[in-house]
Amino acid sequence: MEEKIMIVEDELIVAGDIRLTLERAGYKVSGVARSVHRALEIIETERPDLVLLDIYLKGDLTGIDLAVELNKANIPFVYLSANCNRQVLEAAKVTQPYGFIVKPFREKDLLVTLDIARYRYEHNRALKVQPGNEKQAESPRLPAFQPDKVVEAQQDARPPIPNFEGIIGQSAPMSRVFELIRQVAPLDTSVLILGETGTGKEGVANCIHKLSPRKAKAFIKVNCAALPTHLIESELFGHEKGAFTGALEKRIGKFERADGGTIFLDEIGDMPADLQVKLLRVLQEKEIERIGGNGPLKVNVRIIAATNRNLEKEIAEGRFRLDLYYRLHVFPIMLSALRERREDIPLLINHFVRLYATATGKMVEGVAPVALKQLMDYSWPGNVRELQNLIERSVLLARENTIKEVSLPASSKKETVVVAGETDIKTIVELEREHILSVLKKCNHKISGPGGAAELLNLPPSTLASKMKKLGIVKRHTL
């Protein structure tokens, strides 16, 4: 049966072009409406499978008003609009569209967006009809946690720590993540992993790859924030010998190396605007072009992206492309902060104690109740990564077989901020710059390694280097 699509567009020429594109692609156009009132009449008689919806229409009602009615009728829709300012984007977001195309657009953009919208709609509908999804996704639960006992890490004293392909957790938020991973892993669908820094986005990406049919092929990781701007295109797509000054030999880029496998684009929100255009082409055309190359090269790559940024805010402020956002946002996975899944903290502590006790050869078996209470009460702004670093440090410093003290950051305590006057108020960027400089001074400008600034700031060295570059902090070499 032909899929029926209704066009709600007040510009007749635009609507006519869309109709021709849809009919050539095999769709049936169930009607064209220039106003919300006319659209409702067509919906009543035709019941379209999907609606292409302009925002500003003839009459006193907008496409956003119609979107509310479409949601009630359970009819998916995709916005078509030349307006993508922040106010419009936020109003459109509330209605939960299945896509958003910015005019003018190419025929291929429209057809790809329709494919994505259909997939997302079917996926959401399938989730709704599966009863007890979260219960099915839960891992076997451990006995109730006893705060008056030492959390032991002895291999034979406890059941195995629940994990899903190396990801530790048994809370409801993590069970939901595990279920989403199970659903998307066998497909070639693009995945966008969202969450705060340190929540384990790379681990989820690796898990999706390991459970996919591509598991025997390469899993290539790219930190978009750490790559120098002038080298990022060469890193991703490669270059030919002599393509530019310094190109002394041919270079194979990350996408070619990932052919047949998966590429993980971490911190995608930091990708420069000109590279976003080229990434969009890779997603749509399944091909790349080396710098200085003679033509495009076909690549078979699954893309998983991740960011801790609010991409919708980045779009509204002109730093991220809306069309790329919707192309990546086919299957989003949101990771909860550690403070929102505290029941996983004892499991993670157990895991990291075992890991670092084995690695260091120390006979550390667990965490004492007093120290555990501190860990449970802490807010964990750095999430799982911060907990991992703290347990590693605690194991190294432990003098007995039980960790009795943990050194939490001073920021975990309540602090009183005294403002001398309005002229003394500094921006967040200024405060961040001063804080990094003070830590660098304390470490004698050592960035990575034990006792380095990256460790004290609980940041990967590459991320710290990127921040220093953005803040104008010059790296000093230590002897």
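Above: the structure in question.
Bear in mind that the values here come from a model prediction, so they are computed numbers and not experimental data. (Residues numbered from 1 in each chain as written. Predicted model: local features only at pLDDT ≥ 70, side-chain atom pairs only at ≥ 80, totals over all residues. Heavy atoms only, no water.)

## Quick word on the packing of helix 7 (residues 172-184) against helix 8 (residues 201-210)
Taken N-terminus to C-terminus, the directions of helix 7 and helix 8 make an angle of 40 degrees; their axes are 9 Å apart at the nearest point. Of the two possible hands of crossing, helix 7 and helix 8 adopt the one that is right-handed. Listed contacts from helix 8 to Val 177, Ile 181 and Val 184 of helix 7 are Val 204, Cys 207 and Ile 208. Among the residues making up the contact of helix 7 with helix 8, the classes are represented as six nonpolar, no polar and no charged. (Axes fitted to C-alpha atoms, helices over the stretch in contact; angles between N-to-C directions. Helix = DSSP H or I, 4+ residues; strand = E, 2+ residues; numbered from the N terminus. Left-handed = near helix turned anticlockwise from the far one by under 90°. Contact = heavy atoms within 4.5 Å. Nonpolar A, V, L, I, M, F, W, Y, C, P; charged D, E, K, R; others polar.)

## Focus on helix 1 (residues 12-24)
End to end, helix 1 covers 18 Å across 13 residues, agreeing with the expected 18 Å (1.5 Å per residue, within 8%). Residues of helix 1 that are buried: Ala 15, Ile 18, Thr 21 and Leu 22. Buried residues of helix 1, viewed axially, fall in a sector of 125 degrees; they line one side. Facing away from the buried side of helix 1, by more than 90 degrees, are the exposed residues Leu 12, Ile 13 and Arg 24. Following helix 1 by one or two positions, Gly 26 adopts a phi angle in the positive range, close to 95 degrees. (Expected span 1.5 Å × (residues − 1). Buried < 20%, exposed > 50% of the residue type's maximum accessible area, 1.4 Å probe, protein only. Arc of directions from axis to C-beta.)

## As for helix 2 (residues 36-46)
Within helix 2, the full set of buried residues consists of Val 36, Ala 39, Ile 42 and Ile 43. Angular distribution of buried residues about the axis of helix 2 spans 120 degrees; they occupy a single face of the element. Away from its buried face, by an angle of more than 90 degrees, helix 2 presents the exposed residues Glu 44 and Thr 45.

## Comments concerning the sheet that holds strand 5 (residues 100-102)
One open sheet accounts for five strands, arranged 2-1-3-4-5; its pairing is parallel. Each edge of the sheet is formed by a strand with only one pairing partner; in this case those strands are strand 2 (28-33) and strand 5. Between one strand and the next, the sheet's axes are offset by a mean angle of 20 degrees, whatever the strand orientation. Relative to strand 3 (residues 50-54), strand 1 (residues 4-8) runs parallel, the two being bridged by four bridges. From the neighbouring strand, Val 8 faces strand 3, where its bridge partner is Leu 53. Sitting on the sheet, helix 2 touches strand 1 and strand 2, and the angle it makes with strand 2 is about 150 degrees. (Pairing = 2+ DSSP bridges.)

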